[in-house]
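Spelled out, the chains give:
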Amino acid sequence: MIRLSDITSKLLSYHPKANVELVEKAYVYSAKVHQGQIRLSGEPYLSHPLEATYILAQMKMDVICLVAGLLHDVLEDTEATLEEIRRLFGDEAANIVDGVTKISKIEFSTRKQRQAENIRKMIMAMSSDIRVILVKLSDRLHNIRTLGFQPIHKQRLIARETLYIYAPLAGRMGIFWIKSSLEDLCLYYLEPEIYENIKTELAQRKEEREAFIVEVRELLTEKLDQFGTKATVKGRHKHMYSIYEKMLAQNLAVNQVYDIVAFRVIVTSIKACYEVLGHIHSMYKPVPGRFKDYISMPKANMYQSLHTTVVGPLGVRMEVQIRTWDMDKVAEEGIAAHWRYKEGSSTTKIDETQFAWLRRLLEWQQNLEDPVEFLETVRMDLYPDEVYVFSPRGDVKEFPRGATPVDFAYAIHSEVGEKCIGAKVNGKMVPLRYKLNNGDIVEINTANRQHPSKDWLDFVKTPRARTKIRQWVRNQEKEESISLGRSILEGALSHERLSVANLLKSEQIAAVAGDLSFRSVEDLLAQIGFGKISARQVVGRLKFKLGLKGEKSQGLVSKVVGRITRRRPDRGIQVKGVSNMLIRFANCCHALPGESVVGFITRGRGITIHHKNCRHVLSADQERLVEVSWAPAEEETYLAKVRVTSLERKGVLADISSAISVKDANIVQADVKTTMDKKGIALFTIEVGNHKQLQDVMSAIKKVRDVLVVERL
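Summarised in this report is the structure supplied together with it. (Residues numbered from 1 in each chain as written. Predicted model: local features only at pLDDT ≥ 70, side-chain atom pairs only at ≥ 80, totals over all residues. Heavy atoms only, no water.)

A count of helices and strands for the chain gives 29 helices and 21 strands. Taken over 713 residues, the chain has a buried fraction of 47%. Here the chain has roughly 37,200 Å² of accessible surface; of this, 48% comes from carbon and sulfur atoms. (Helix = DSSP H or I, 4+ residues; strand = E, 2+ residues; numbered from the N terminus. Buried < 20%, exposed > 50% of the residue type's maximum accessible area, 1.4 Å probe, protein only. Areas by Shrake-Rupley, 256 points an atom, 1.4 Å probe, with all protein chains shown as cover.)

Okay, here's the thing in structure tokens:
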């Protein structure tokens, strides 16, 4: 069993000035709170935190991490409190212990590969300090080493969880010796027969392979020395789980797997790596398609090396890895390789292009003086835009950061989203706008009377939720528009003294809908309600099909004052991205061709055109504004209002009317009054073709004698 002295000796071997007293204090505290607890092996429970902490010392972790290793189970298995740990050992150690405890409480109900990947991501995202993951990995490694004392069903459960979650997590951290140890032990419990077959095959040919390794190692060393390259050559058997994976992938028996021997050539520079590659390829025939350059293109976990497979002596395939000493350290220790413990000296500056993943993972600072300073900068930033939460059944769901319970509800099922009335997060009621955090357990409350709200679009984040909510809102608005369109059309029919009840169910109205390219009468009514088609247009077509006259004779007043030209719905105006919209011009500003204009969506009345600086537009709902532009339109006229202030003089009104007529403008309406100070104010509504014609009219009026002011309203 590991003792405290083993841990402190290991710590002092790589950090001579370490605060050993704090480690000893944590040991005493852990022994006190775990007193009387026994593991299934019969050993005192304290043996487990000691073994896990020694694994951390093997990774050359700092004092705080070793303290957390000794304390990592106290919150879960004893009466100790987080506040007490914080008071006795500081915030850093307390936060690590708290993080490990939270991960330990996660229950994994499914074993699908995608689900496992989400759990791994969630653990990474939950860990604000990478030491949380390192302590958890050391805890799991010792537990899997002593798994034989558990019942068989528990062995398989824990081994499967380790294989799917923690072994790949160790690989993601770049700590391959822990990854391979976990995988081999899991294989022993999950596939015991295959494990024994591989073990037996390796044992039977062990002497033969050992001799082969020695021979090749000596030959490579001698040849490289002849080429003037100083290199260290190491040979090893591949670990059992990698052999098992090769058997599965290629459908081979264990005695058919040949390339189970690997060599590692370690040199002093990157240039030498490529030189060695050339020398090895000149000595042995390379296997096509089996070369990987992880130096120029490092793996996501910072791993760098050249990989090649060659046909060696006796026709045996062998893998050769070529790397520098720094690369070898990273390959062996992963993240832990970047701690430095030399007092008074700074770390080597890391090539930022080489460690792009580390930049994302850590809030990296260059040239740090000691491991404590380094660790202060270490924060998990692997998945800054993702959040991982649990369903009540333990399934992990992935969402964009800022997602809410409504997003979660729609991720379960559309009906759950539509009927979502509230949510519980970690057992407490939260508002629907609540932003989910990593590790949250989310439960949705539903009610049959509930339906989506358009306001949800302001805070939901997932495309699925937004699409479903918009779809429901559109359907709801369509129903409202059908009702509104029915009312508008009924009013128009009543105005024409036509039978409302009969006509809305007649073949003629269905034929009108078909003529206008609508699938049904309901679609026609909806478009009337939306304002995309006028009820007057429908009534006109309906009267035609009924054989009735379509126009009334005009009254005398209309003929005298003038007639406003009835424009086709989109005559003179183009709406960006939309066609066949009902267009009307606002009476408040009377925009003219040539002026800057904007459209305002009006329920049941289509798009109303305003001048861009109209006060009503400036104060309107900006989401209802649409981009419009003037379209060429011949013989089209528009209304404009002009106010003329003049001195009171007989004939001045006739002179103003004449000036307007000279410029080919038509007076539609005139209103004249006299003020107390003997001035005349005339309001003219005139028809003009565009803004330029209006300017010409106003210039002509200004030239009339006794006219004081001419202004457009």
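As a further point, take the nonpolar core. Val67, Leu71, Phe89, Ile198, Val265, Ile280 and Ile322 are the most contacted members of the largest nonpolar core, which has 96 residues in total. Those residues within four positions of isoleucine 198 in sequence are excluded, and the remaining contacts are Leu187, Met240, Ile243, Tyr244, Met247 and Val254. (Core = buried A, V, L, I, M, F, W, Y, C linked by side-chain atoms within 4.5 Å. Contact = heavy atoms within 4.5 Å.)

In this structure, the second largest pocket occupies an estimated 1,100 Å³ of space. Phe176, His239, Ser242, Lys299 and Gln321 are the residues nearest the centre of the second largest pocket, which is lined by 30 residues in total. Listed by contribution, the elements that provide at least two residues to the lining of the second largest pocket are helix 10 (152–172), helix 11 (176–190), helix 14 (240–250), strand 5 (306–311), strand 6 (317–324) and helix 16 (325–333). (1 Å grid on protein atoms, 1.4 Å probe; cavity = no way out; pocket = protein on both sides within 12 Å on 5 of 7 lines; lining within 4 Å. Points joined across faces, edges and corners; volume = space filled by probe spheres on them.)

Another point: the sheet that holds strand 21 (residues 707–712). Read across the sheet, four strands follow the order 19-20-18-21 without closing on themselves; strand pairing throughout is antiparallel. Looking at strand neighbours, the two that pair on one side only are strand 19 (666–674) and strand 21, the edges of this open sheet. Looking at each pair of strands side by side, their axes are set apart by 20° on average, direction ignored. Two elements, strand 18 (residues 638–647) and strand 20 (residues 679–688), share 10 bridges in a ladder whose sense is antiparallel. For serine 646, the partnering residue across the bridge sits in strand 20 and is glycine 680. Each of strand 18, strand 19, strand 20 and strand 21 touches helix 28 (residues 652–662); the most contacted strand, strand 20, lies at about 20° to it. Helix 29 (residues 691–702) contacts strand 18, strand 20 and strand 21 of the sheet and is inclined by roughly 165° relative to strand 21. (Pairing = 2+ DSSP bridges. Axes fitted to C-alpha atoms, helices over the stretch in contact; angles between N-to-C directions.)

As a further point, take helix 6 (residues 82–89). Residues of helix 6 that are buried include every one of Leu82, Ile85 and Phe89, and no others. Down the axis of helix 6, the buried set is contained in an arc of 60°. They therefore lie on one face. Turned more than 90 degrees away from the buried face of helix 6 sit Glu83 and Arg87, all of them exposed. Taken together, the buried residues of helix 6 touch helix 2 (20–33), helix 4 (63–71), helix 5 (74–77) and helix 7 (91–104). Looking at the residues trailing helix 6, positive phi occurs at glycine 90, about 95°. (Arc of directions from axis to C-beta.)

Time to look at helix 2. End to end, helix 2 covers 20 Å across 14 residues, agreeing with the expected 20 Å (1.5 Å per residue, within 8%). Elements that come into contact with the buried residues of helix 2 comprise helix 1 (4–14), helix 3 (47–58), helix 4, helix 5 and helix 6. (Expected span 1.5 Å × (residues − 1).)

Quick look at the sheet that holds strand 16 (residues 625–626) now. Pairing is mixed across the open sheet formed by four strands, whose spatial order is 13-15-14-16. Each end of this open sheet is capped by a strand with a single partner; those strands are strand 13 (583–585) and strand 16. Pairing analysis gives six bridges linking strand 14 (residues 597–602) to strand 15 (residues 606–611), with the strands arranged antiparallel. Bridging across to strand 15, valine 598 finds its partner in histidine 610.

Along strand 20, eight of the 10 residues are buried, which leaves the element largely enclosed by surrounding structure. Both strand 19 and strand 20 contribute to a ladder of eight bridges, which runs antiparallel. Note on strand 20: the bridge partner recorded for lysine 673 is isoleucine 681. Counting the residues in the hairpin turn of strand 19 and strand 20 gives four residues, including lysine 678, whose phi is positive at 65°.

Quick look at a nonpolar patch on the surface now. Residues Leu647, Leu708 and Val709 make up a contiguous nonpolar surface patch of roughly 230 Å² in combined accessible area. Here leucine 647 lies in strand 18. (Patch = residues over 30% accessible without salt bridge, like charges linked within 9 Å, V, L, I, M, F, W, Y side chains within 5 Å. Salt bridge = Lys/Arg side-chain N within 4 Å of Asp/Glu carboxyl O.)

On to the packing of aromatic side chains. Under the definition given, this model contains seven aromatic pairs. Centre to centre, the rings of tyrosine 29 and phenylalanine 89 are 5.7 Å apart; their planes meet at 75°, and the pair counts as edge-to-face. Of this pair, tyrosine 29 sits in helix 2 while phenylalanine 89 sits in helix 6, and the two are 60 residues apart along the sequence. The exposure classification of tyrosine 29 matches that of phenylalanine 89, with both residues buried. Between tyrosine 241 and tyrosine 244 the ring centres are 5.6 Å apart and the planes differ by 50°, which places this aromatic pair in the tilted class. On the criterion of helical spacing, the pair formed by tyrosine 241 and tyrosine 244 is a turn pair, its members being three residues apart in helix 14. Ring pairing ties together the aromatic residues Tyr188, Tyr189 and Tyr195, which thus form one cluster. Lying across the ring of phenylalanine 89, lysine 25 places its NZ or CZ 5.4 Å from the centre. (Phe/Tyr/Trp six-rings, centres within 6.5 Å; stacked < 30°, edge-to-face > 60°. Lys NZ or Arg CZ within 6 Å of the ring centre and 35° of its normal.)

By the element assignment, leucine 524 lies in helix 24 (residues 521–530). Distance from leucine 524 to serine 481, taken between C-alpha atoms, is 10.0 Å for residues 43 residues apart in sequence. Filtering out sequence-adjacent residues up to four positions away, leucine 524 remains in contact with Ile509, Ala513, Leu516, Phe518, Ile533 and Val538.

Take the environment of aspartate 395 next. On the secondary structure map, aspartate 395 appears in the loop between strand 7 (386–390) and strand 8 (396–400). Its relative accessible area of 15% is what places aspartate 395 among the buried residues. Between the C-alpha atom of aspartate 395 and that of isoleucine 441, which follows or precedes it by 46 residues, the distance is 9.6 Å.

Let us now look at the side chain of glutamine 155. In this fold, glutamine 155 is placed in helix 10. Judged by its relative accessible area of 12%, glutamine 155 is buried. Among all residues touching glutamine 155, those that are not within four sequence positions of it are Leu147, Gly148, Gln150 and Tyr189.

Where helix 3 meets helix 9 (residues 130–145), the closest approach of the two axes is 8 Å, and the angle between their N-to-C directions is 120°. Considering the angle they form, helix 3 stands oblique to helix 9. For the pair helix 3 and helix 9, the sense of crossing is right-handed. Listed contacts from helix 9 to Ser47, His48, Glu51, Ala52, Ile55 and Leu56 of helix 3 are Leu134, Val135, Ser138, Asp139, Leu141, His142, Asn143 and Arg145. Grouping the constituent residues of the contact of helix 3 with helix 9 by class yields six nonpolar, five polar and three charged. (Parallel < 35°, antiparallel > 145°, perpendicular 65-115°, else oblique. Left-handed = near helix turned anticlockwise from the far one by under 90°. Nonpolar A, V, L, I, M, F, W, Y, C, P; charged D, E, K, R; others polar.)

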